[in-house]
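# Observations on the model geometry
Each chain, letter by letter, is given below.
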Amino acid sequence: MKIYGIGGFNEVGKNMTAVDLGDDVILFDCGLFLPPIVELEEADKVYTEKKLRSIGAVPNDLVLDKMGLRHKVRAIIPSHAHLDHIGAIPFLANRYKADIIGTPFTIEVLKTLLKDEKIDFRNNMRVVQPNSFCYVQGKHKKYRVDFINITHSTIQCSLIALHTRQGVVLYANDFKLDNSPTMGQKPNYDKLREIAKEGVKVLIVDSLYSGDERKTASEKVARTLLEEVLLTTNNDGVGLFVTTFSSHIARLKSIVEFGKQLNRKVVFLGRSLNKYVTAASKVDLCPFRNDIEIATYRDQLERKLRQIDKNREKYMVVCTGHQGEPGSILDRLSRNKLPFKFQPKDHIVFSSSVIPVPSNIKNRDELDARLKKRGVRLFSNIHVSGHAGREDLRDFIDLVNPENIIPAHGDHKKIAPMIDLAKELGYKQRNLHLINDGQRLNF
Ligand SMILES: [Zn+2]
């Protein structure tokens, strides 16, 4: 078989890997690279395949055309619902006569992306439950694909095991080993052991933090951090705002539960929160849906904020803007573009970390500066990562015992430490493959 690293091997984003099995090709992930999109002017934010290609925001899958492989693609399999893994599907999937196969939440989020972009595509969408499997029909044979439950910072994430004649190709892009998740199940270690016994030929692995000597803390720890700030810091009589990743349903669940304990009405503000919460509800994975109110459209939003402005001590607002994104709720509030005025001592809790790209760092610094002028209290970094650290990765490699390793999910500076880690575990250089976007490997 041949494996093409198409995107995500030189940057954090536009993840895509192709497995060429001769008559058939399977694609893992098809994501966006967000920084060039964030930097587009508001008027330019009408997306087409051509525009996204020109700014380098989608994986360069034209390499498949060049190799005569495009018509052999049988399936596109996203590992989870994050935009850097599914966000390019609406713009590229039309090029392939291939099914899109994912867990219920992943497919539901994809449907909302298609609706938002008003894209109608011909690809068949198939749903597979976590810890279940499906078959992909090739030209002459069918391939078993396992969706192995794994923990990360959104729900229903999978490690994907593609069974081939040469052994398993295991796609492990975006995970951590959380043994105390606050929603969903633990990683399916039994299944991973079984796959290891069958023999993993190639592992494509999230190595973003392979250089960080740590075990990534459980989501349980993020919950405790939030509890400290929300329940044990005095917030009587002041405004209380919390912002986090809209797709982080488990985190949102903790936030809502603490809001209820404070006897505050929990109000979600912002389009992207509405999008993910609605998708989670549709697949019955939003246990807090009846405990919150959501305001999205301008009238609704402004009406709600006027109410909150008068009775701020009665509400907890969960809103967008943790990266200082232009147009987000916090951004607009900080610029006096919405009918709510922050007062000294109001609390703003960032249950997030700043994604370390220049545009985000700048936006967030400027947001913080504007907020501080109002005298509000900022609680930053009330967060734990969704990505495995070096010591998790050591355990993971030990467990699945792959023959070959391809580090993924970042530039080489970030992912190269995976190579050293594998050498510490006894691997030889010939089985370790630090590749660039567009590069092919033969196995
Ligand atoms: Zn992710």
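Residues numbered from 1 in each chain as written. Predicted model: local features only at pLDDT ≥ 70, side-chain atom pairs only at ≥ 80, totals over all residues. Heavy atoms only, no water.

### Considerations on the coordination of the zinc ion
Reference values for coordination geometry: four tetrahedral donors around a metal ideally subtend 109.5 degrees, six octahedral donors ideally subtend 90 or 180 degrees. Put simply, the rule reads: Each metal's donors are the N, O and S atoms found within 2.8 Å of it, except that Na, K and Ca use a 3.2 Å limit; water is left out, so coordination can look incomplete. Between 85 and 135 degrees for all angles marks four donors as tetrahedral; over 155 degrees for opposite donors together with 65 to 115 for all other angles marks four donors as square planar and six as octahedral; every other arrangement is irregular. Think of it this way: any DSSP run of H or I at least four residues long counts as a helix, any run of E at least two long counts as a strand, and we number them from the N terminus. Whether a residue is buried, partly exposed or exposed follows from its accessible area with a 1.4 Å probe, protein chains only, as a fraction of its type maximum: under 20%, in between, or over 50%, in that order.
The protein atoms donating to the zinc ion are His 80 (NE2), His 82 (ND1), His 152 (NE2) and Asp 174 (OD), with metal-donor distances spanning 2.1 to 2.2 Å. Given four donor atoms and angles of 90 to 163 degrees at the metal, the environment of the zinc ion is assigned as irregular. Positions of the donor residues of the zinc ion along the chain correspond to the pattern H-x1-H-x69-H-x21-D. Pair noted here: His 82 is in the loop between strand S4 (73-77) and helix H4 (83-86) and His 152 is in the loop between strand S8 (142-150) and strand S9 (157-164), with a separation of 70 residues, a long-range link. There is no split in this pair, since His 82 and His 152 are both buried.

### Focus on the sheet that holds strand S17 (residues 377-379)
Spelled out, the test is: The criterion for strand pairing is that DSSP finds at least two bridges linking the strands in question. Only the stretch in contact is used when a helix axis is fitted, and all axes are lines through C-alpha atoms; the angle between N-to-C directions ranges over 0 to 180 degrees. Contacts: residue pairs with any heavy atoms within 4.5 Å of one another.
Reading across the sheet, the six strands line up as S14-S13-S15-S12-S16-S17 and stay open at both edges, with parallel pairing between neighbours. The sheet is open, and its two borders are formed by strand S14 (292-295) and S17, each paired with just one other strand. Along the sheet, successive strands turn relative to each other by an average axial angle of 20 degrees, direction set aside. Packing of helix H13 (residues 358-373) onto the sheet brings it into contact with strand S16 (347-351) and S17, and relative to S16 it is tilted by some 160 degrees.

### Structural notes on the environment of Arg 144
Convention followed: The definition of a polar contact used here is a pair of N or O atoms within 3.5 Å, where within protein one atom must be able to donate a hydrogen and the other to accept one, and adjacent residues in sequence count solely through side-chain atom pairs.
Here Arg 144 is to be found in strand S8. The class of Arg 144 is partly exposed, set by a relative accessible area of 25%. In this structure the C-alpha to C-alpha distance between Arg 144 and Ala 161, which are 17 residues apart in sequence, comes to 8.2 Å. Residue contacts for Arg 144: discarding those within four places in its chain leaves Phe 133, Cys 134, Tyr 135, Ala 161, Leu 162, His 163 and Lys 191. At 2.9 Å, the side chain of Arg 144 and the side chain of Asp 146 are in polar contact.

Function cannot be read off these values alone, since they describe shape.
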